[in-house]
Amino acid sequence: MNEEEFVARRRETVFQSMQKLKIHCSKDEVPNIALLGSGGGQRAMVGLLGSLVQLDKAGLLDCVLYLSGVSGSTWCMASLYQEPDWSTKLETVKDQIIERLSGPGVSWGDAFAKLKKYHKKDFFSLTDVWAAIAITTYVKEIDELTLTDQWDHLSKDPFPIYTVIDKQCKKEKEKGGDKEDPWFEISPLEAGYSLTGAFVETSSFGSKFENGSKKKPQDEMDMLYLQALCGSALADRGEIFKFLWEIIKDLFEDLTPVIESDTFEEMRKEPKAPPAYKCYQVLIDLVEVNLAVLNGKDPSALVQTIKTTLEELGGGKNHLIIPGEKSTLAEKQAAKFDVKKFTEHVIKDLSCLFSSDSFDLVLSICKCMTQWIWGRNYNFLHKMKNETVPPGLLKSETRDYIDAGLLLNSPYFSVLREERDIDLIISLDFSEGDPFMTVKKTQKLCEELNIPFPEVILKEKAKNPKDFYVFKGKNAPTVIHIPLFNVVNCGENIEAWRNKYDTIQGSYSRKKITDLMDIAGKNISNNREKLLEQIQAVIDQKRHK
C-alpha cells in the first residue's frame, strides 16, 4: 500500500467522523487536515500528547489525515505509533506513556551497550551518542523498532511524518542560495526532500547509493536513532557542546570496570604494550581540558600532564606539539590555546598506542566532538544525473541531517507539498520563545518560494498570546495556530508557566507531566466549537470550488 492508497482509506474514516459530528459533506468534500507538532523537547512531547487526548475526547482526532512533527513532538509520535491503532484506544496508551515517562530511566549498562551497537555502523556521529545517552533520559526506553515495522500495522491512525533538515543545504540557504531544499521528511514509506520531490524508500535510507543504484545496504535506522535525528536542538551549540563533554566525563566514571578489564587483557596479550589505564587517563584528562576551556579556567597543568604521559607511553617517541606553544614569554601570552587542534592531536596519538572496543568508542566520540558531526548518513542521491535536483545534492557521498528546529520549529513544509493538497493546518506551537515565530517565518519563506500560504497579521504581542488564531488566504490552506501558553489557559501567569517548563531540565515528574497535559488540553477543549466552525468553513470553500 502506498501513501495515496492509505490516504484514500483514511479519508473514509474522516468522512465517518464528519457524519458523527453532524458536519455535512460529500466524500469529495472531505477536508484534508494536517496536525503539526512543533519542537520544544519534553514540553512538546507532553504537550502534543495532552492535545491529542483532548482532540480524541472532542471527537476530532479522526478528522486528522496527517500528523507531522519536529524535534520533541516526534518523541511523542514515536511512543504513540509503537501501539497499533493507538488512536482507537488513546486513553489506555496515554496512561502507559505517562507510566513510562515518570518511571525509572534506562540503565547505564543498556545505554552503553546500545552505543556500542551504533558504533559498528559505517558512520558514527554525535546523533548516536545523543540517542543512547540523552534521548533515553527523556523517553525512558530503547525503541529498536523501525518505521517499516510501524507501517506493517498502521491502519487506523493519521499518516505520520517525521521531519529534519539537511545541514549542508541549511548552510547554503543561509548564504543566500535559492536552489537549496533543506526540508527533509521521513515517513514509514519514504525519506527525502519535501520540495525537490527526491525520495528513497525509508527502509533504504542510510544505505550507500551511486547513480540511483544501491551499492551497500545498511540496516534501517531504529526509532531511538530517529528520535535523536529529529530532536537534538535542545539549546544553542555552546550549551550542547558543554553538555556532551559532561556526558563523556560521566561515561568514564561508569567505565571503571571496563578500564580494568581492558588493562588486564592488554597485559595478558602484550606485557610490553602501553598500560591501558594510562591511555584512558589521558582521555579523561583531555575531557577535563575541554571542560576547563569551556568554563573559562586555565588548562595548562592538564595539558602538560597529557604531554608528559604521552611521551612516557611512546617511549619518548611521541612528542605532542601543543598548538599555540611558543618559546618566549611574549609569544606565549600572544598565542591562543587551540583546544580543538590539541584534542585532534591527542586523539591521533592515542589511536596509535592502544585499541579496544570501549576505548575506540570513546575516542570516536571525542573525534566527533572536535568535528561537530551530527546525523551523518550516505547520500542516496550521490552521482545521480537529474536536472530537477539541486546540483549540490548530487555531488557528496554523505549528508548530515539535523533537528529541523534549527531552521524552522514547525513541520509546515512537509504538509505544504502540492500533491498532499492540504485544506486545513492545525499548528500546535510548543516553542520556547516567540509563539508566532514559526507561522510568521513560514509565511516569509512561502513568499520566497511561491508556495500558497495565508497572510499572517497579528495584533497581540508575543508575551501575551491568545489561544486560537485563524489565518486565511486565496488558494491557500487555512491555518489555525495555537500557542501552548496563553492568556486563556494561564491567565496572568504565562511567564511562570514558561519558566516551569523551560527546555533545559531533567525529566519531568508525573505531576509535571499531567499538569502540562491539562494546560495543553485546554487549548483544544476551550476551542472545540471554533475548530468545528473552521472545518465547516473549509468544506464550504471546497464545495464552492
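Residues numbered from 1 in each chain as written. Predicted model: local features only at pLDDT ≥ 70, side-chain atom pairs only at ≥ 80, totals over all residues. Heavy atoms only, no water.

Some words on the side chain of glutamate 185
Inspection of the secondary structure puts glutamate 185 in strand β4 (residues 183-186). When its relative accessible area of 0% is taken as the criterion, glutamate 185 is described as buried. A polar atom in the side chain of glutamate 185 sits 2.8 Å from the side chain of arginine 420. Glutamate 185 has contacts with Ile161, Tyr162, Thr163, Glu190, Ala191, Gly192, Ser194, Phe199, Ser414, Arg417 and Arg420, leaving out every residue within four places of it along the chain. (Helix = DSSP H or I, 4+ residues; strand = E, 2+ residues; numbered from the N terminus. Buried < 20%, exposed > 50% of the residue type's maximum accessible area, 1.4 Å probe, protein only. Polar contact = N/O pair within 3.5 Å; in protein donor to acceptor, adjacent residues only side chain to side chain. Contact = heavy atoms within 4.5 Å.)

Comments concerning the environment of asparagine 2
Along the chain, asparagine 2 falls in the segment before α1 (3-20). Of the residues examined, asparagine 2 reaches a relative accessible area of 37% and is grouped as partly exposed. For the pair asparagine 2 and glutamate 190, spaced 188 residues apart in sequence, the C-alpha to C-alpha distance is 9.8 Å. Not counting residues up to four positions away in its chain, the partners in contact with asparagine 2 are Trp151 and Leu189. Separated by 3.2 Å, the side chain of asparagine 2 and the backbone nitrogen of glutamate 4 make a polar contact.

Digging into a negative patch on the surface
On the surface, a cluster of negative charge is made up of Glu246, Asp250, Glu253 and Asp254. Here aspartate 254 is to be found in helix α10 (residues 237-254). (Patch = residues over 30% accessible without salt bridge, like charges linked within 9 Å, V, L, I, M, F, W, Y side chains within 5 Å. Areas by Shrake-Rupley, 256 points an atom, 1.4 Å probe, with all protein chains shown as cover. Salt bridge = Lys/Arg side-chain N within 4 Å of Asp/Glu carboxyl O. Lys, Arg positive; Asp, Glu negative; His and termini not counted. Charge placed at Lys NZ, Arg CZ, Asp CG, Glu CD.)

With respect to the confidence of the model for the chain
In this model, the chain carries an average pLDDT of 90, and 92% of its residues clear a pLDDT of 70 or more. Scored below 50 in pLDDT, residues 326-335 shows 5 contacts in the model against residues more than four places distant or in partner chains. (pLDDT = per-residue confidence, 0-100.)

Here we look at the pattern of salt bridges
By the definition in use, this model includes 32 salt bridges. Linking lysine 117 and glutamate 144 is a salt bridge whose minimum nitrogen-to-oxygen distance equals 3.5 Å. Pair noted here: lysine 117 is in helix α5 (residues 108-118) and glutamate 144 is in the loop between α6 (126-139) and α7 (147-152), with a separation of 27 residues, a long-range link. Using a relative accessible area of 51% as the deciding quantity, one classes lysine 117 as exposed. Given the relative accessible area of 42%, glutamate 144 is considered partly exposed. Lysine 444 is paired through a salt bridge with glutamate 448; the nearest N and O atoms lie 3.0 Å apart. In this pair, lysine 444 and glutamate 448 are both assigned in helix α19 (residues 437-449), 4 residues apart and thus about one turn of the helix distant. By relative accessible area, glutamate 448 is classed as partly exposed at 48%.

What about the packing of helix α2 (residues 41-57) against helix α21 (residues 510-525)?
Running from amino to carboxyl end, α2 crosses α21 at an angle of 50°, the nearest separation of the two axes being 7 Å. With respect to α21, the axis of α2 lies oblique. Seen from above, α2 lies across α21 with right-handed handedness. Contact with α2, carried on its side by Arg43, Val46, Gly47, Leu49, Gly50, Ser51, Val53, Gln54 and Leu55, involves Ile513, Leu516, Met517, Ala520, Gly521, Ile524 and Ser525 of α21 and no other residues of that element. Per-class residue counts for the contact of α2 with α21 are 9 nonpolar, 6 polar and 1 charged. (Axes fitted to C-alpha atoms, helices over the stretch in contact; angles between N-to-C directions. Parallel < 35°, antiparallel > 145°, perpendicular 65-115°, else oblique. Left-handed = near helix turned anticlockwise from the far one by under 90°. Nonpolar A, V, L, I, M, F, W, Y, C, P; charged D, E, K, R; others polar.)

Considering the pairing of strand β2 (residues 66-70)
Taken across its 5 residues, β2 has 5 buried, putting it largely inside the fold. Here β2 shows no split at all, with Tyr66, Ser68 and Val70 on one side and Leu67 and Gly69 on the other all buried. Handedness of the crossover joining strand β1 (residues 33-37) and β2 through α2 is recorded here as right-handed. (Right-handed = clockwise from strand over helix to strand, strands pointing away.)

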